[in-house]
Every structure is written in structure tokens, then in C-alpha cells.
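# Secondary and tertiary structure notes
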There are 2 protein chains.
Amino acid sequence: MTLASTLKHRRRQLAKHLDTPVMLWSGQATPRNFPANTHPFRSSSHFLYFAGLPLENAVIHLADGRLTLFMDEATPAQALWHGPSPTRTELAHKMGADKALPLDDLKHFAGEVATLKVQDSATAAQQETILNRSIPMAKQSQEQDLALLQAIVQLRMGHDSYALAEIRRAAGVSVTAHKTGMAATLLGERLGEGLNEAHIRAAMEQVIMAQGMTCAYNSIVTVHGEVLHNNHYCHPLGENDLILADVGAETETGWASDITRTWPTGGQFSSTQRALYNVVLAAHDACIAAAKPGVEYRELHLLACRTLAAGLVDLGILLGAPDDLVDQDAHALFFPHGVGHLLGLDVHDMEDLGDLAGYAPGRSRSDRFGLGFLRLDRPLQAGMVITIEPGFYQVPGILADRGNCDRYATLVNWDRLAQFADVRGIRIENDVLITEDGCEVLTADLPTAATAIEQLVGNR
Amino acid sequence: MTLASTLKHRRRQLAKHLDTPVMLWSGQATPRNFPANTHPFRSSSHFLYFAGLPLENAVIHLADGRLTLFMDEATPAQALWHGPSPTRTELAHKMGADKALPLDDLKHFAGEVATLKVQDSATAAQQETILNRSIPMAKQSQEQDLALLQAIVQLRMGHDSYALAEIRRAAGVSVTAHKTGMAATLLGERLGEGLNEAHIRAAMEQVIMAQGMTCAYNSIVTVHGEVLHNNHYCHPLGENDLILADVGAETETGWASDITRTWPTGGQFSSTQRALYNVVLAAHDACIAAAKPGVEYRELHLLACRTLAAGLVDLGILLGAPDDLVDQDAHALFFPHGVGHLLGLDVHDMEDLGDLAGYAPGRSRSDRFGLGFLRLDRPLQAGMVITIEPGFYQVPGILADRGNCDRYATLVNWDRLAQFADVRGIRIENDVLITEDGCEVLTADLPTAATAIEQLVGNR
């Protein structure tokens with residue numbers, strides 16, 4: 001499928017779900033410390049889905065399966081400073097657009113159209129001016145905008161072959177990035193270089209950048225895996241530390257990947273690290289084995305929880321029957337987040353729509369400790385791409401919480417747990433395509449087994 | 001000087017220039033494709049100058065040399081997900097603040113205070129709410145805000161020892177990044193790897209990232225140096241190409257560096273490339289030799305123009321007397337931008353203030369082709385850090401422009417110029433501190449001479 005035929009198919013599908021014409025804005029770069037020094041531009045994901053190209057300051061109009069592209073040609077001054085760029089007509093041809101017009105003509109199309117708010121406020125203000133109405137955050141859309149949102153959720157939930165090819169490309173580069181991170185750990189250790197987290201992050205992101213891709217999200221590369229959103233990279237790699245690296249590439253047209261691996265800085269897991277790694281791996285493998293159309297993602301999450309609980313019972317850390325422990329959320333002491341999320345043009349796909357993509361109609365977040373952070377609660381369907389990412393963490397804020405200590409006093413063998421002090425955080429995350437009869441791990445080229453990881457990192 | 005004593009000195013200086021109390025906001029991270037997936041946070045430079053630490057969602061109040069820090073403590077949920085962070089009191093101590101209060105107390109300090117608008121619109125809206133007035137773009141400040149702006153320009157124009165130490169650190173990392181880019185070119189060439197621009201960029205930025213720093217601006221790494229703002233990295237390195245790399249690191253607390261080098265992909269300049277490189281180098285060296293307190297930066301620019309013109313006359317490309325050629329802006333056919341800019345917390349320091357920092361009071365941009373893009377028109381003073389970055393480019397949009405062809409028909413030997421077709425763009429850029437009796441090149445560890453560059457890249 002070419003880009004043009006893919007986009008044509010997507011907009012015909014949209015027309016099946018929606019009568020109203022649609023206008024989607026790509027957005028514009030936002031200033032970093034002064035207006036001319038911007039963050040790298042990222043087009044709106046909804047725009048990218050129907051326009052395919054990461055154009056800045058562009059708008060598309062979709063009606064009855066027809067596409068009109070609105071953008072201005074580069075001025076002579078822009079051409080002077082930014083070099084030659086394709087004309088509007090050339091871009092429209094690449095997209096298979098039916099028409100291409102300057103932005104000034106937008107106003108003639110601004111009748112009763114549906115839209116979704118972009119992320120940057122300068123463009124959001126333009127949206128409101130042109131449509132002459134207020135446009136709330138996308139997740140609070142109403143009337144025709146809500147209908148558009150629902151149609152988009154339907155479409156973007158199942159990936160076409162063009163999207164899958166892009167996600168596979170991103171996944172392939174992410175796999176190489178992780179292998180490179182492991183190799184950098186080994187090399188640093190062999191050379192006695194005294195590396196820190198920033199060195200490993202840089203080695204990994206270099207791979208992504210060298211392929212002309214960007215990171216789909218701010219990387220986590222840390223020896224403090226128990227800090228779940230760790231965007232600092234300042235700790236030295238200790239001799240017996242585990243490195244948790246959550247790093248994923250995004251293609252030029254916005255398609256994401258999302259991989260986490262956890263490896264020992266010295267190349268070899270300690271016996272306690274290996275034991276807990278294998279518990280997390282068992283939870284991961286159980287989910288992969290169970291994932292197929294019709295299965296509820298929530299059930300995969302609970303399967304991961306039960307597998308983790310069973311493993312922790314085997315290790316003597318949790319006390320009781322795994323099912324009972326999960327019913328009491330005891331697993332969440334060590335696995336407080338959900339087992340994964342949708343993946344596509346966003347690393348948490350369509351999260352700008354709140355839970356309207358992640359949660360099936362009529363469902364909402366649980367207030368249970370062990371379920372509230374679940375980002376996806378829908379039956380799986382062929383064409384979906386999800387992540388599977390169980391973990392084990394010793395988060396001081398959870399384990400030292402007096403309420404938790406009281407509540408779980410008899411379910412945790414705290415003395416036994418203390419013997420696993422060399423494990424702060426472990427996560428294993430892969431990107432998984434739901435197929436007709438099961439699933440395919442798109443990131444399978446990067447091994448998950450402890451022994452294979454050790455081989456990659458390199459035994460001493 | 002510690003950070004605390006440095007900041008105390010800065011706010012005492014501010015108090016000398018300004019009676020009004022001041023409130024400065026740090027800003028907050030802006031969304032990339034959905035609210036939880038943000039661009040890396042960058043504090044406002046004005047905040048950083050007086051607060052020293054890259055805090056998010058923080059405000060400082062400055063009055064009579066006293067500093068009050070406003071920020072909220074991390075919530076238990078934030079601590080859970082983002083790990084432990086210093087308390088407000090600890091941060092205030094580090095900054096030498098006199099008091100530390102929650103954000104909710106801001107309203108009690110919001111009387112007649114001066115401020116400057118931050119870059120992100122969410123925080124800008126908070127500024128307006130708290131101060132209960134509209135706040136225009138910083139460069140359009142009025143009344144007490146304009147007085148603050150003018151005081152800040154005075155202060156930030158001359159760097160203290162703490163700032164200089166930071167700029168030197170950034171410069172040192174940038175130097176290593178450029179050397180690494182050259183080494184990557186050599187290695188790729190030796191291994192026959194078929195590199196493209198993205199590979200070289202990645203090799204360079206990896207160095208910056210590995211030191212825990214960020215890029216001060218979007219890197220330019222290109223074999224099409226004639227495209228002045230080239231943010232694409234997709235071209236393969238051709239055998240006889242020149243790579244132009246404009247890459248600079250920024251320290252954790254925001255201090256910038258800015259270096260450009262141009263080197264041959266094959267390790268050795270052709271005779272035509274070497275000849276033009278040496279013309280640009282002569283212009284660079286002339287500026288460095290002339291830079292000292294009291295000299296007008298505009299005169300340095302014109303010196304670079306005359307030196308370039310003389311070199312191009314010597315090569316037979318321009319025809320006439322160098323001074324006459326510059327008077328007619330003929331140099332600008334090949335050197336259309338200014339010779340540099342201020343450098344500090346911003347790569348174009350204080351450019352959010354428009355030309356109010358770059359241009360001395362009463363001066364404004366020239367409409368001359370050869371002067372209009374000059375970003376700095378002030379007498380040099382000790383403590384200023386500037387860039388010196390002459391260049392030579394064959395920009396099709398300029399050279400093929402009919403007006404230019406007519407106007408400069410008799411001043412350019414177009415046939416001779418055609419012999420230099422293997423030079424698309426050359427720039428040599430260093431960061432220069434103005435000292436009491438001259439200047440110091442802060443980036444001198446990276447050689448500029450063609451032969452030294454060839455040694456670094458590696459002859460075949």
C-alpha cells in the first residue's frame with residue numbers, strides 16, 4: 001500500500017462512521033527559551049493519521065472521503081533560510097489529496113465541521129478563531145466533535161498494514177538501541193570507565209537519532225528502577241546494580257515503539273535478581289501466551305498479577321494463595337501500575353482522548369489499588385497493538401506506607417523481602433500485535449530470558 | 001563563588017537598577033502529542049538567572065535584594081511516581097533564598113510587581129491571573145516591566161564568574177562533541193559505512209547527552225551548508241562534500257555554547273574548498289584580533305565583510321575594491337547573515353526581548369542587505385560573551401535572484417565562481433569572552449585552521 005492509497009482507505013473508513021465534515025490541524029513548533037528556539041516540531045497524531053506527513057502549520061479537511069490540504073507555500077525568505085521545500089501541490093499529490101489550497105481559504109470550509117483540539121495553544125487559538133467556537137480539550141469533546149472522537153477511536157484501534165510496517169520499523173530500531181545500551185554497559189565495565197546512567201541513555205538514543213528517528217517519549221534509563229517515571233540520568237552505575245531502560249523510537253511520520261529491558265551492570269544477575277527477574281518474566285510470558293482476540297485486556301493484567309503473586313509466594317516474599325493475594329491487591333505492593341497500554345501514533349495511543357480510547361464504552365477506572373492505574377480495559381481485537389510490561393519494584397513510598405504495612409502485615413514476609421534488597425526495580429516490556437488467532441511480539445528480536453540478556457551484556 | 005552567593009550578588013545588582021518588586025516564573029513542560037508526554041522541561045532563562053536551579057512550576061519574588069521562593073512540595077503521588085525530590089526548604093537553602101512559601105501564597109505578593117512573560121502559554125495565563133493584568137510578549141513590555149527588562153539587559157550583558165564557569169563547561173563539552181563528529185566521519189569513511197548526516201549528528205549529540213547536558217538549540221549537521229537553518233539530517237555524505245556542523249551544549253542550569261566547524265567528508269579539503277575555507281578563517285581571525293572593550297560589534301561585522309570581500313577578490317570571484325564591495329553589500333551575496341550574537345543563558349542571549357538586548361538604546365536594524373540580519377549592535381564590554389561566525393555560502397535563492405544578478409552583474413565573476421561549485425557552505429564559529437584588554441576564545445581547544453581540521457578528521 002502506498003501512503004496515498006492508505007490515506008484514501010482511512011478517510012473512506014472515517015466517512016462510514018461520520019457524516020460531518022472534519023478539520024484537523026497539524027499544529028506548530030512551541031518555543032523553548034525564546035520564540036526562534038523551538039522544541040522539535042511534532043505534528044498532531046490525529047492529523048498524522050489522515051495526512052501521513054509531519055507538516056507544520058497545515059490543516060486537512062475531510063468530507064465524504066475527500067481530502068483537501070490547506071497550507072501556505074514557503075515564502076522566499078523561508079526558502080532562503082530553510083532551503084527548498086516541496087510545494088503544496090507536490091505534498092497534496094503524495095497524500096493523494098483531492099485539492100490543495102492556501103490557509104486563507106480555510107474560512108470558506110469552516111461551517112459545521114468536527115475537530116479535535118491540538119496540543120499547542122497557539123494553534124488551538126487559531127482553531128477557535130476559524131471555527132468561531134470554543135474547543136475544549138479533546139477528551140471533553142461534545143456533539144460533532146465527540147462523534148469524530150468516537151470514529152477516530154474505532155479507526156486507530158486497529159492498525160492497517162502501512163501503520164504496522166511503520167511500527168515494525170520503529171520497533172527494529174528500538175531493539176538495536178537496547179542492544180547498544182547493553183554493549184555500552186559491557187564496554188564501560190571492561191574499560192573501568194565509571195559510567196553513569198546518562199552514558200547508557202546517550203548510547204541508546206544515538207542509535208535512534210542516527211536512523212533519523214526521534215524518541216517516542218522521554219527515556220527512562222536508571223539504576224533506580226523503583227522510581228517509575230525517572231527522567232534524571234545522574235546516578236553512577238554501581239557494581240551490583242540493575243539498569244532499567246525504557247526507551248522507544250518513533251518514525252519520521254510519528255509511529256511509536258516502547259521497549260523496556262532490565263540488565264545487570266556487571267553482566268550477571270545475582271541469585272536474588274535472577275529469581276525476581278524470572279518472576280516478572282513468567283508474568284510477561286503468561287500474558288503473551290494468553291493474548292488473542294476476544295480476551296479482555298483487564299484479564300491479562302490480572303493474569304500478570306496472579307503470576308507475579310504466585311512467583312512471590314514461591315520465593316517466600318508473599319504469604320497465601322495467589323488468587324486471594326490478588327483479590328486483596330497485595331501484588332500491587334510490588335507492581336502498582338497496569339500491565340500496559342495501546343501503542344500507535346502515540347506511545348500511550350490516543351491518551352489525549354483521556355480514557356475514551358483505552359476504556360470500552362460504559363467502563364471507567366477502578367478505585368482498587370491494584371487496578372486503578374490500568375490504562376486499557378477493552379476486549380482485544382485483531383490489529384490492535386498493545387504493550388505487555390509487568391514489573392517488580394520496591395518503592396519506598398508504597399512499602400513504608402503505614403497503611404500498607406498494617407493492611408498487608410500478615411501477607412508479606414518482610415524479613416524474606418529484605419534479602420532481595422539488591423532489586424530496586426525490574427520491568428520487561430514488549431510491543432504486541434493482536435493477530436487473528438493469537439498475537440505476535442513485534443519486539444521479539446530482543447530476548448527476554450535472563451540468560452540471553454546476560455549473554456548480550458556479557459558475563460565477566 | 002557558590003550558587004547562593006552568586007545569586008545574592010545578582011539580586012543586589014538588580015535592586016540597584018530597580019525599585020519595584022519583581023516576580024519571575026519558571027514555566028512548565030509543554031505537551032508533545034498528549035499532555036503526559038511532554039517536551040523536556042526548560043526553565044525560563046530570566047528565572048534561571050536569579051534562581052539558579054531549573055525548577056518547574058516555581059516562582060521567585062525579588063525585592064530589595066531579598067529572594068522568596070514559591071513552589072509546592074511534591075505530593076505523595078508525585079513522590080511515588082517521580083521519586084524523592086528535595087523539599088522547598090532545601091531548594092531555598094541552595095539558592096540562598098530568604099523565605100520559601102507555597103504557590104498559594106503568591107497572591108499576597110502580587111501588588112505592584114514587575115514581570116516578564118514566560119514562553120509557555122499555560123504559565124503565561126497563570127501570570128495574568130495572579131497579577132490580574134495582561135502581560136504582553138516580553139519584548140513589548142511597558143512601564144515597570146520595561147524597567148525590569150532594561151535592568152535585566154544590563155545585568156545579563158556582563159557575565160559573572162559563576163556564569164563564565166558554566167559557559168566554559170558547556171564549551172568544553174561542545175568541543176568534544178565536534179571532535180567526535182569528525183572522528184565519526186573518519187571511521188565511517190574508513191569502514192565504508194555509507195553514513196548520512198543523521199549519523200554524524202547522533203555521534204555529536206551523544207557526547208552532550210552523556211555528560212547530562214542538552215543541546216542549546218536544534219543542531220545543524222549538513223552537507224548542504226548553504227541552507228542556513230537546516231534541521232533535516234537525511235542526506236548521505238558525498239565523497240567530496242563538506243560537512244557543516246553547528247552544535248552546542250547547554251549545562252543543566254541553562255548556560256549555552258555554540259560552535260560551528262566545517263570539514264571535508266574525505267578528510268582533505270579540495271583546493272577550492274581550502275581556498276574558500278581560508279577566506280572565512282581570515283575573516284574569523286580578523287574579528288578575534290580586533291575584539292576588545294569599546295569596539296563596536298557592528299564594526300567587527302563589517303571587518304568580517306571586508307576581509308571576506310578581500311579574499312574573494314584575491315580568488316577572482318568578486319571584482320573591485322573590498323571596501324567598495326562591502327559598501328554595495330556585494331559580500332552579502334555569499335555572507336547574508338550577521339557575524340554573531342550574544343551568548344549566555346540563551347544561545348541568542350535574551351532574544352525573547354527582541355532587539356532590546358542586542359541593540360543599544362536608540363539603534364535599530366538596518367534595512368541594508370548586508371546588515372539587516374545583524375543580531376548585535378553595541379559597543380563590546382568586558383564580561384560579554386559573543387559568537388564570531390563568518391561564513392561563505394552559495395545560496396541559490398540569493399545567487400539566482402534576478403535582482404541580485406542585475407545589481408551585481410559587474411561585481412561578480414560568475415565563471416570563476418562556477419569553479420568553486422564544490423563549496424555549498426562554510427562557517428567557522430567560536431564563543432568569545434571580551435576581557436579587560438582584548439578577548440579570550442572559550443572554544444579555542446577546537447582548532448580552526450584547515451590543516452588542523454584535516455588532522456582531526458584524518459587524511460586518507
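So, how was this worked out
Residues numbered from 1 in each chain as written. Chains lettered and ligands numbered in written order. Predicted model: local features only at pLDDT ≥ 70, side-chain atom pairs only at ≥ 80, totals over all residues. Heavy atoms only, no water. Least-squares fit on C-alpha atoms with pLDDT ≥ 70 in both. Contact = heavy atoms within 4.5 Å. Pairing = 2+ DSSP bridges. Helix = DSSP H or I, 4+ residues; strand = E, 2+ residues; numbered from the N terminus. Axes fitted to C-alpha atoms, helices over the stretch in contact; angles between N-to-C directions. Phe/Tyr/Trp six-rings, centres within 6.5 Å; stacked < 30°, edge-to-face > 60°. Buried < 20%, exposed > 50% of the residue type's maximum accessible area, 1.4 Å probe, protein only. Lys NZ or Arg CZ within 6 Å of the ring centre and 35° of its normal. Polar contact = N/O pair within 3.5 Å; in protein donor to acceptor, adjacent residues only side chain to side chain. Parallel < 35°, antiparallel > 145°, perpendicular 65-115°, else oblique. Left-handed = near helix turned anticlockwise from the far one by under 90°. Nonpolar A, V, L, I, M, F, W, Y, C, P; charged D, E, K, R; others polar. Domains from an automatic or database assignment. Buried area = accessible area lost by both parts, 1.4 Å probe. Salt bridge = Lys/Arg side-chain N within 4 Å of Asp/Glu carboxyl O. Core = buried A, V, L, I, M, F, W, Y, C linked by side-chain atoms within 4.5 Å. UniProt positions renumbered as here; feature names shortened; annotations may be inferred.

Superposing chain A onto chain B takes a rotation of 180° combined with a translation of 0.0 Å along the rotation axis, leaving an RMSD of 0.0 Å. Expressed as an axis order, the relation between the two copies is that of a two-fold axis. Relative to the rotation axis, the C-alpha of Q206 of chain A is the closest in chain A, positioned 2.9 Å from it. Interface overlap between copies: 100% of the residues of chain A at the interface are likewise at the interface in chain B, consistent with a symmetric, same-surface contact.

Residue and element names in this part refer to chain A. Strand order across the open sheet formed by four strands is β1-β4-β5-β6, with mixed pairing between neighbours. Two strands lie at the open edges of the sheet, namely β1 (22–25) and β6 (99–101), each paired on one side alone. Each strand axis lies, on average, 20° off the axis of its neighbour in the sheet, ignoring direction.

Turning our eyes to something else, we now look at the packing of aromatic side chains. Any two aromatic rings considered together are summarised by their centre-to-centre distance and by the angle between their planes. Residue and element names in this part refer to chain A. One pass over the full model with this rule turns up twelve aromatic pairs over all chains. With centroids separated by 5.0 Å and ring planes inclined at 90°, the aromatic side chains of Y49 and F50 adopt a geometry described as edge-to-face. Each of the two residues, Y49 as well as F50, counts as buried. Three or more aromatic residues joined by ring pairs make a cluster, and in this case those are Y49, F50 and W255. The aromatic ring of Y49 is capped on one face by R10, whose charged end is 4.4 Å from the ring centroid.

Residue and element names in this part refer to chain A. For R156, the position within the fold is in helix α6 (residues 143–157). Side chain to side chain, R156 and H46 meet in a polar contact 2.7 Å long. Contact partners of R156, with chain neighbours within four places excluded, come to S45, H46, Y49, L345, D346, D349 and M350.

The next subject is the packing of helix α8 (residues 197–210) of chain A against helix α8 (residues 197–210) of chain B. The relative placement of two packed helices comes down to the angle between their axes together with the axis-to-axis distance. α8 of chain B packs onto α8 of chain A with a crossing angle of 165° between their chain directions and a minimal axis gap of 8 Å. When the interaxial angle is binned, α8 of chain A and α8 of chain B end up roughly antiparallel. In terms of crossing hand, the pair formed by α8 of chain A and α8 of chain B is right-handed. The residues of α8 of chain B that touch α8 of chain A, namely those facing A198, H199, R201, A202, A203, E205, Q206, M209 and A210 of chain A, are A198, H199, R201, A202, A203, E205, Q206, M209 and A210 of chain B. Partitioning the contact of α8 of chain A with α8 of chain B into residue classes produces ten nonpolar, four polar and four charged.

All names here are of chain A. Looking at the assigned domains, one finds that chain A contains domain 1 (3–157) and domain 2 (161–457). Taking only C-alpha atoms, the centre of domain 1 and the centre of domain 2 are 34 Å apart. Of the residues lining the interface, 19 residues belong to domain 1; the matching set on domain 2 comes to 21 residues. The contact between domain 1 and domain 2 buries some 1700 Å² in all, and 62% of this surface belongs to carbon and sulfur atoms. Among the residues domain 1 hides against domain 2, the three largest losses belong to R42, R156 and M157. Together they make up 35% of the total. Applying the counting rule to domain 1 against domain 2 returns three salt bridges. The tally of links between domain 1 and domain 2 comes to seven residue pairs in polar contact (both at pLDDT 80 or more). Considering every element that reaches the side of domain 1 that touches domain 2, the biggest residue donor is α6, with five residues. Class assignment of the residues belonging to the side of domain 1 that touches domain 2 gives a composition of ten nonpolar, five polar and four charged.

Counting residues in each nonpolar core, the largest one holds 137 residues, and the members touching the most others are I60 and I386 of chain B. A114, W263, Y359 and I398 of chain A belong to the second-largest nonpolar core, a separate cluster that totals 136 residues.

The phi angle at M350 of chain A is positive, at roughly 65°, despite the residue not being glycine. Topologically, M350 of chain A is positioned in the loop between α11 (322–327) and α12 (355–358). With phi around 55°, N132 of chain B is a residue other than glycine that occupies positive phi space. As for its placement among the helices and strands, N132 of chain B is situated in the loop between α5 (121–131) and α6 (143–157). N132 of chain B gets classed as exposed once you look at its relative accessible area, which sits at 68%.

So, on to the UniProt feature "domain: Aminopeptidase P N-terminal" (unreviewed entry) in chain A. Mapped onto the present numbering, the UniProt feature "domain: Aminopeptidase P N-terminal" (unreviewed entry) falls at residues 2–124 of chain A. From the first C-alpha to the last, residues 2–124 of chain A spans 31 Å; its make-up is 33% helix and 19% strand.

Right, let's get into the pairing of strand β9 (residues 242–247) of chain B. Residues and elements named next belong to chain B. Burial of β9 is extensive: six of the six residues sit out of reach of the surface. Residues L242, L244 and D246 point to one face of β9 and I243, A245 and V247 to the other, with burial holding for every one of them. Across three bridges, the pairing between strand β8 (residues 220–222) and β9 is antiparallel. Note that in β9 the partner of V221 across the bridge is A245.

This next bit is on the packing of helix α7 (residues 161–190) of chain B against helix α16 (residues 450–457) of chain B. All names here are of chain B. One way to put it is that α7 packs onto α16 with a least axis distance of 8 Å and a crossing angle of 60°. Here α16 runs oblique to α7, going by the angle between their axes. Residues K179, M182, T185 and L186 of α7 form the contact with α16, whose participating residues are I453, L456 and V457. A class-by-class count of the residues in the contact of α7 with α16 yields five nonpolar, one polar and one charged.

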